[in-house]
Amino acid sequence: MKPVNIGICGLGTVGSGVFNVMQRNRAEINARAGHDIRVTHVGARRDNPACDLSQVIVERDVLNVAKAPDVDVVVELIGGCDIAKTLVLEAINHGKHVITANKALIALHGNEIFQAASEKNVGVYYEAAVAGGIPVIKAIREGLAANSIQWVAGIINGTGNYILSEMRDHGRSFEDALADAQALGYAEADPSFDVDGIDACHKLAILASLAFAIPLQFDKAFIEGIRHVETQDVENAEELGYRIKHLGIAKRVDSGVELRVHPTLVPDKRLLANVDGVMNAVLIQADAVGPTLYYGPGAGSEPTASSVIADIVDLVRVMDVEPHLRVPSLAFHPGLLKEDQIVEQSDIETANYLRLQVIDELGVMSAITQILSGKGINIQAMMQKEPKEGESTVSLIILTNKVKESSLQAAISEIEELRAVEGKVTQIRMESLN
Ligand code: HSE
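Structural notes, computed from the coordinates. (Residues numbered from 1 in each chain as written. Predicted model: local features only at pLDDT ≥ 70, side-chain atom pairs only at ≥ 80, totals over all residues. Heavy atoms only, no water.)

**Topic: the nonpolar core**
Soluble globular proteins: nonpolar side chains tend toward being buried together. Let me state the cut-off plainly: Only buried residues count toward a nonpolar core, which is a set of Ala, Val, Leu, Ile, Met, Phe, Trp, Tyr and Cys residues joined through side-chain atoms within 4.5 Å. Buried residues are those whose accessible area, probed at 1.4 Å on protein chains only, stays under 20% of the maximum for their type, while exposed residues exceed 50% and partly exposed ones sit between those limits. Each helix is a run of H or I in the DSSP string that is no shorter than four residues. Each strand is a run of E no shorter than two, and both are numbered from the N terminus. Any two residues having at least one pair of non-hydrogen atoms within 4.5 Å are treated as being in contact.
One finds Ile92, Tyr126, Val136, Ile149, Ile206 and Ile284 to be the most contacted residues of the largest nonpolar core, which totals 60 residues. Breaking this core down by element, the ones donating at least two residues are α3 (63–67), α4 (83–93), α5 (103–119), α6 (136–143), β7 (149–155), α10 (198–212), β10 (256–267) and β11 (279–286). If we skip the residues at most four places from it in the chain, isoleucine 92 touches Val98, Ile113, Ala116, Ala117, Lys120, Val122 and Val124. Among the nonpolar cores identified, the runner-up in size contains 33 residues, and Leu11, Ile29, Val42 and Ile309 belong to it.

Following this line, the structure appears as structure tokens:
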């Protein structure tokens, strides 16, 4: 079997997982790939005690791995967009194939990286960038190739899902649950990427390109995190037959493609509503197959290594094939990607959960419903909570029918001006996922 030399750059959680799984399962991996795949180089600023590096060349400067003449494939597991981008472009420039788990890098610089790779006839694979160990990129790119995809909805940030699950199951605070997710190694170096929806949006931008034949367009997405979701919202949702999930949604509509990440009320009977803890799941609605659901661990050392190594095997199988016969990086041949319009958030239509804190007096309900009906917003359900002890205000929960976001925002502004309404209105969008 022809040997293929791999250089792993970055020996943290994922890098050490790749290194060790490659050694442990080497015979099976080679039998699948039809080549002898060897990790010959490691680029890392420091050793990782979890890895025996005695048989490999260790470079402290990762760029030396990109330049090493005997390395065939560079595996980028550093993260971030600084050194990682330089490394990937340098590796491509030196004619190496690249595998990366870096969602930010692909979402923000993928268009440039794929172009550079195509000019050098090398492949760039990135299965581990979305939903960790779930082979969802391969599923969209290859398994669903017959279909016209209608929408994709995913729980694609394990940390956010863990926090929401803990709030619901144990009434824990947001901060407590986040600290746990960090200790478990799921959170990003900057956890605001998790709780403010940026990490999920990196992944959504990639899924949308694969599903809808559009270039990567992270900067046009609507992003809302989970910081404003309170335990009372999680409990109210439960009472109304819903669960709150932080979803990435990409949907083809007449005016273009919707690209949005936000907390969402999902009917509690949906499978997606029952994905708990750090697990990820992606639900895809496509015209021929109908709905398909992909579930599994979205992060972690060996689950992510599983996807990285699957990419290595895929790549090695086609390394000697004419470049135009390989599976295209974004599922569609690059010349056929369309600059479809990303729909402005103000034009998007969803049903909504609204929570208001109001003074319990005559005419308040009527003033609020008049504002809503004046904007053509139909109320689907309404619930008034008992005032908490010692409080003079009550919580009012309203579920609206589908409404254009701009109309709802106008109504919310008017409602917040009412004397009897205290503070801001909490809005959480709803999706039936039918
Ligand atoms: N911080 C990410 C998450 C890790 O929580 O899902 C995997 O991308």
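Moving on from the coordinates now.
**Focus: the site of the ligand**
Keep this limit in mind: We call a residue near a molecule or strand when any one of its heavy atoms sits within 4 Å of it. Any N or O atom pair separated by 3.5 Å or less is treated as a polar contact, with the protein-specific requirement of one donor-capable and one acceptor-capable atom, and with residues adjacent in sequence counted only for side-chain atom pairs.
In the region of the ligand, the neighbouring residues are Lys103, Asn157, Gly158, Thr159, Tyr186, Ala187, Glu188, Asp194, Asp199, Lys203, Gly298 and Ala299. The separation between an oxygen atom of the ligand and a polar side-chain atom of threonine 159 is 2.7 Å. Measuring from an oxygen atom of the ligand, one finds a side-chain N or O atom of lysine 203 at 2.8 Å. Among the secondary structure elements, those contributing two or more residues to the shell around the ligand are α7 (158–170) and α10.

**Some thoughts on the environment of isoleucine 106**
By secondary structure assignment, the location of isoleucine 106 is in helix α5. Sequence-wise, isoleucine 106 and isoleucine 206 are 100 residues apart; in three dimensions their C-alpha atoms are separated by 7.4 Å. If near-sequence neighbours (up to four positions away) are discounted, isoleucine 106 is found in contact with Thr100, Phe114, Val124, Tyr126, Ile206 and Leu216.

**Points about the packing of α4 against α5**
Selection criterion: Interaxial angle, 0 to 180 degrees, is taken between N-to-C directions of lines fitted to C-alpha atoms, where a helix line uses only the stretch in contact. Geometric relationships in this document are graded by angle, where less than 35 degrees denotes roughly parallel, more than 145 denotes roughly antiparallel, 65 to 115 denotes roughly perpendicular, and other angles denote oblique. Helix crossings fall into two classes, left-handed where the near helix is turned counterclockwise from the far one by less than a right angle and right-handed where it is turned clockwise. Note on residue classes: Ala, Val, Leu, Ile, Met, Phe, Trp, Tyr, Cys and Pro are nonpolar, Asp, Glu, Lys and Arg are charged, and everything else, Gly too, is polar.
One can describe the packing of α4 onto α5 by two numbers: an axis separation of 10 Å at closest approach and a directional angle of 15°. When the axes of α4 and α5 are compared, the pair comes out roughly parallel. As α4 packs across α5, the resulting crossing turns out to be right-handed. On α5, the residues touching Ala84, Lys85, Val88, Leu89 and Ile92 of α4 are Leu105, His109, Glu112, Ile113, Ala116 and Ala117. Looking at the contact of α4 with α5 residue by residue, the class counts come to eight nonpolar, one polar and two charged.

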